[in-house]
Amino acid sequence: MCMFNITTVYIIYRPLAQCRICTRINHDEGEGQNHVVQGALPDPWCNEGIEQTYLVDAIVRLLQQAPPDQTMRLRKIGYDIEPDFVEVANQDENQDVSEEDLNRGLLLSRFGVWILASQCRTVSLCKSDERLGYLISVVFDWMTATASISDKGVRAKIETLKKEYISNWINVVKKANLDLYCTCLLPDPPTYVQMQGTSDMLADKIRLLKEGLYRICCLIPYNLVPQE
């Protein structure tokens, strides 16, 4: 779609999408090279360098908008009393944050799911285990963060995304690179796939195992844990 002022006047200020051939004819040579053209997001695995980084980082930042419930997670993995550092972190992060703001973050994270499912489907073309593993890890964190949602309406919307989009994308990843997928499921995965969370803490092996088992338990209801 061309945003150049002469073009917009010519099409009477109506959005007009051009096919790829017409876009090349009108914008690859002459004055058309200076036009502002809006196109569809490219496949990130077909790009290299900064363009791929931008799209992956956008997905990561959107998925991280889902605020994790630290208290609920710790109780489910067997900690009756929160450690002091988690309690302080919760006070700092959730200070003056209403339930409406938390739900807004959950709903905002849906855009990360939609971009992931629509633009990162051809994972078999990804040549970087670090980049793909990073995406897998952030998806696991999102699944964990959205495991306990109090608002029924928001929970229903998130569950729909898990079943219709995330499950399909993860199944594609498993077929394309099962070894990397299983590596991301480890309690203490390699550094290049670690996300902010337990991997940043000076946690003992028992804590890491509990966190890893909890992450797997959040994936089991959607048949996302390979039996191999």
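Provided above is the structure to which this section pertains.
A brief structural summary. (Residues numbered from 1 in each chain as written. Predicted model: local features only at pLDDT ≥ 70, side-chain atom pairs only at ≥ 80, totals over all residues. Heavy atoms only, no water.)

## Quick notes on the overall build of the protein chain
Of the regular secondary structure elements, the protein chain holds ten helices and zero strands. Per-residue burial for the protein chain yields a buried fraction of 36% across its 228 residues. Within the protein chain, contacts between residues at least 6 apart in sequence are counted, and of these 77% link residues at least 24 apart. Accessible surface, the protein chain as shown: approximately 14200 Å² in total, 53% of it carbon and sulfur. (Helix = DSSP H or I, 4+ residues; strand = E, 2+ residues; numbered from the N terminus. Buried < 20%, exposed > 50% of the residue type's maximum accessible area, 1.4 Å probe, protein only. Contact = heavy atoms within 4.5 Å. Areas by Shrake-Rupley, 256 points an atom, 1.4 Å probe, with all protein chains shown as cover.)

## Some thoughts on the state of the cysteines
In this structure the tally under the stated criterion is zero disulfides. Cysteine C218 shares no disulfide, and the gap to the nearest cysteine sulfur, in C217, comes to 7.0 Å. (Disulfide = S-S within 2.5 Å.)

## Description of unusual backbone geometry
Positive phi, normally seen in glycine, also occurs at N223, with a value near 55°. Positionally, N223 belongs in the segment after α10 (205-219). For N223, a relative accessible area of 64% puts it in the exposed group.

## Quick word on the pattern of salt bridges
The tally for this structure, following the rule as stated, stands at three salt bridges. A salt bridge links R104 to E100; the nearest nitrogen and oxygen atoms lie 3.3 Å apart. Residue R104 and its partner E100 are located together in helix α6 (residues 99-119), separated by four residues, close to a single helical turn. A relative accessible area of 56% means that E100 is categorised as exposed. The shortest N-O distance in the salt bridge between D101 and R104 comes to 2.6 Å. Of this pair, D101 and R104 are both found in helix α6, three residues apart, which corresponds to roughly one turn of the helix. (Salt bridge = Lys/Arg side-chain N within 4 Å of Asp/Glu carboxyl O.)

## Observations concerning the packing of aromatic side chains
This model, assessed by the stated rule, comprises two aromatic pairs. Seen in terms of ring centroids, F111 and W114 are 5.2 Å apart; in terms of plane orientation they differ by 90°. Their pairing is edge-to-face. In this pair, F111 and W114 both sit in helix α6, three residues apart, roughly one turn of the helix. Note on F111: relative accessible area 42%, which makes it partly exposed. Consider the rings of F140 and Y181, whose centres lie 5.5 Å apart with planes at 75°: the pair is edge-to-face. Here F140 is found in helix α7 (residues 129-145), whereas its partner Y181 is found in helix α9 (residues 178-184), with 41 residues between them in sequence. Across this residue pair, the class does not change: F140 and Y181 are buried. Directly above the aromatic system of W142 lies the positively charged group of K162, at a separation of 5.9 Å from the ring centroid. (Phe/Tyr/Trp six-rings, centres within 6.5 Å; stacked < 30°, edge-to-face > 60°. Lys NZ or Arg CZ within 6 Å of the ring centre and 35° of its normal.)

## Examining the nonpolar core
Counting 36 residues, the largest nonpolar core has L135, I136, V139, W142, W169 and Y181 as the members making the most contacts within it. Broken down by secondary-structure element, the contributors of at least two residues to this core are α3 (50-63), α6, α7, α8 (152-176) and α9. By residue number, the principal contributor to this core is α7, which donates eight residues. Not counting the four nearest positions on each side in its chain, I136 is found in contact with W169, V173, L180, Y181 and C184. (Core = buried A, V, L, I, M, F, W, Y, C linked by side-chain atoms within 4.5 Å.)

## A short note on the packing of α7 against α8
It is the contact of α7 with α8, at a shortest axis distance of 12 Å, that shows an interaxial angle of 150°. Our classification of the angle between α7 and α8 gives roughly antiparallel. Classified by chirality, the crossing of α8 by α7 is left-handed. Listed contacts from α8 to L132, L135, I136, V139, F140, W142 and M143 of α7 are I158, L161, K162, I166, W169, I170 and V173. Tallied by class, the residues present in the contact of α7 with α8 amount to 13 nonpolar, no polar and one charged. (Axes fitted to C-alpha atoms, helices over the stretch in contact; angles between N-to-C directions. Parallel < 35°, antiparallel > 145°, perpendicular 65-115°, else oblique. Left-handed = near helix turned anticlockwise from the far one by under 90°. Nonpolar A, V, L, I, M, F, W, Y, C, P; charged D, E, K, R; others polar.)

## Some thoughts on the environment of G133
With respect to the helices, strands and loops of the structure, G133 is situated in helix α7. Linking G133 and Y192, residues 59 residues apart in sequence, is a C-alpha distance of 7.5 Å. The residues contacting G133, other than those within four sequence positions of it, are L180, C184 and V193.

## Some details on the environment of P189
One can find P189 in the loop between α9 and α10. Judged by its relative accessible area of 12%, P189 falls in the buried class. Separated by 52 residues in sequence, P189 and S137 place their C-alpha atoms 9.5 Å apart. P189 has contacts with T183 and Q194, leaving out every residue within four places of it along the chain.

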